[in-house]
Amino acid sequence: MSRVQGKVAFISGAARGQGRAHALKLASEGADLVLADIAGVRDDLDATARAVRETGRGCVQGIADVRDLPALQDLLARGTGEFGRLDIVVANAGIVSWGRFWEMDPERWAEMIDINLTGVFNTFRAAAPIMIEAGKGGSIIATSSVAGIKSLPGQAHYSAAKHGVVGLVKSAAIELAPYRIRVNSIHPFGVRTSMAEPNPEMERIFEENPTYKAAMGQLLTEPPISEPEDIANAVLFLASDESRTITGVQLPVDHGATTV
């Protein structure tokens, strides 16, 4: 298959989980990769890079926290110096935590906004000038969440950040359209990664407040949870020319969770 043959993709949060699945999916379809993640997962990032190279595609990896715009710019300069272009951006890096807003300390709120919203801005900010100057168009994809369409209990900070990503994506889609750069967001629900593991704070919140569970419904229950590859398939579609007339959309990959 060669749905993104000859293109170059930049992925943040690429060390494991959804980011690794995106990297391997795009590499299997012909893209060379520039991969970023934080220092704490360096070994996992190296493992993702090795897996990409085993597909026969080129890969440049580097430590770059999405809160650090100069680090992202430096890595992209190195990657585009190696490959000569940038066509696809996947702003995937993110965190999750649980807590009701009035019980949450300001540091937890700030960390969530800094990584899950400002981190997406920084990724866009680092990549867009390169793509504009190249004049070849492209596709930018941001990972939002079901919580970017319907707010979730116990996750006011996460919901606020992911709703913010939607606003950023819509504005970026308008601003980048004259340069033939499409910008879209994807909205997963539960995905089988370390971020979906049981959380004591989450369990406490739902035990104390059974009515909260109504907000967590989904229509499709088989399979009960997405695999990272399910989300990677959506990323591939938005990265490829198959979606060449699609921009500014919010694509749910959520078992129907945003409808209930």
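Within any chain, residue numbers begin from 1 and follow the written order of that chain's sequence. The model is predicted, so local features are restricted to residues of pLDDT at least 70 and side-chain atom pairs to those at 80 or more, both for listing and for counting; the totals for chains, interfaces and linings are taken over all residues. The basis for every side-chain value is the complete set of non-hydrogen atoms in the structure, without hydrogens or water.

- As annotated in an unreviewed UniProt entry, the chain carries the name NAD-dependent oxidoreductase and comes from Aureimonas altamirensis.
- Its UniProt record gives the chain a comment under Sequence similarities (unreviewed entry), which states: "Belongs to the short-chain dehydrogenases/reductases (SDR) family." UniProt positions are given in the numbering used here, feature names are shortened, and annotations may be inferred rather than shown by experiment.

### Considering the overall build of the chain
- On a plain count of helices and strands, the chain comes out with seven helices and seven strands.
- Going from N to C terminus, the chain has its helices and strands arranged as β-α-β-α-β-α-β-α-β-α-β-α-α-β.
- Radius of gyration: C-alpha atoms only; globule rule: 2.2 Å multiplied by the number of residues to the exponent 0.38. Relative to the globule expectation of 18 Å for 260 residues, the C-alpha radius of gyration of the chain, 18 Å, shows essentially globular dimensions.
- Its C-alpha atoms give the chain principal-axis dimensions of about 55 × 35 × 35 Å.
- Relative accessibility thresholds used throughout: buried, under 20% of the residue-type maximum; exposed, over 50%; partly exposed, between the two (1.4 Å probe, protein chains only). Looking at the chain residue by residue over its 260 residues, the buried ones come to 49%.
- What makes two residues a contact is simply this: any of their non-hydrogen atoms within 4.5 Å. Contacts spanning at least 24 positions in sequence make up 76% of the contacts within the chain whose residues lie at least 6 apart.
- For the chain, the accessible surface area stands at approximately 11,600 Å², while carbon and sulfur atoms represent 53% of it.
- A gap of 6 Å separates the mean positions of the 25 positive and 31 negative side-chain charges of the chain. Numbering of helices and strands starts at the N terminus; helices are DSSP runs of H or I of at least 4 residues and strands are runs of E of at least 2. All accessible-area figures derive from a Shrake-Rupley calculation using a 1.4 Å probe, and residue coverage is judged against the displayed protein chains alone. Here Asp and Glu are counted as negative and Lys and Arg as positive; His is not counted, and neither are the chain ends. Every charge is mapped onto a representative atom, which is NZ of Lys, CZ of Arg, CG of Asp or CD of Glu.

### Remarks on helix H7 (residues 228-239)
- For a helix, the expected span equals 1.5 Å multiplied by the residue count minus one. The terminal C-alpha atoms of H7 lie 16 Å apart, and with 12 residues this matches the ideal 16 Å at 1.5 Å per residue to within 8%.
- Restricting attention to buried positions, one finds in H7 the residues Pro228, Ile231, Ala232, Ala234, Val235, Leu236, Leu238 and Ala239.
- Elements that come into contact with the buried residues of H7 comprise helix H1 (17-28), strand E4 (88-91), strand E5 (138-143), strand E6 (181-188) and strand E7 (250-253).

### Re the sheet that holds E6
- Ordered in space as E3-E2-E1-E4-E5-E6-E7, the seven strands form an open sheet in which the pairing is parallel. Across the chains shown, the open sheet's two edge strands, defined by having one partner strand only, are strand E3 (59-63) and E7. Sheet twist, expressed as the mean angle between neighbouring strand axes with direction ignored, is 15 degrees.
- Here, a strand pair is defined by DSSP locating no fewer than two bridges between the strands. Sheet analysis places E5 next to E6, joined by six bridges and oriented parallel. The residue of E6 that forms the bridge with Gly138 is Ile181. Whenever a helix is involved, its axis is fitted only over the stretch in contact; in every case the axis is a line through C-alpha atoms, and angles between N-to-C directions fall within 0 to 180 degrees.

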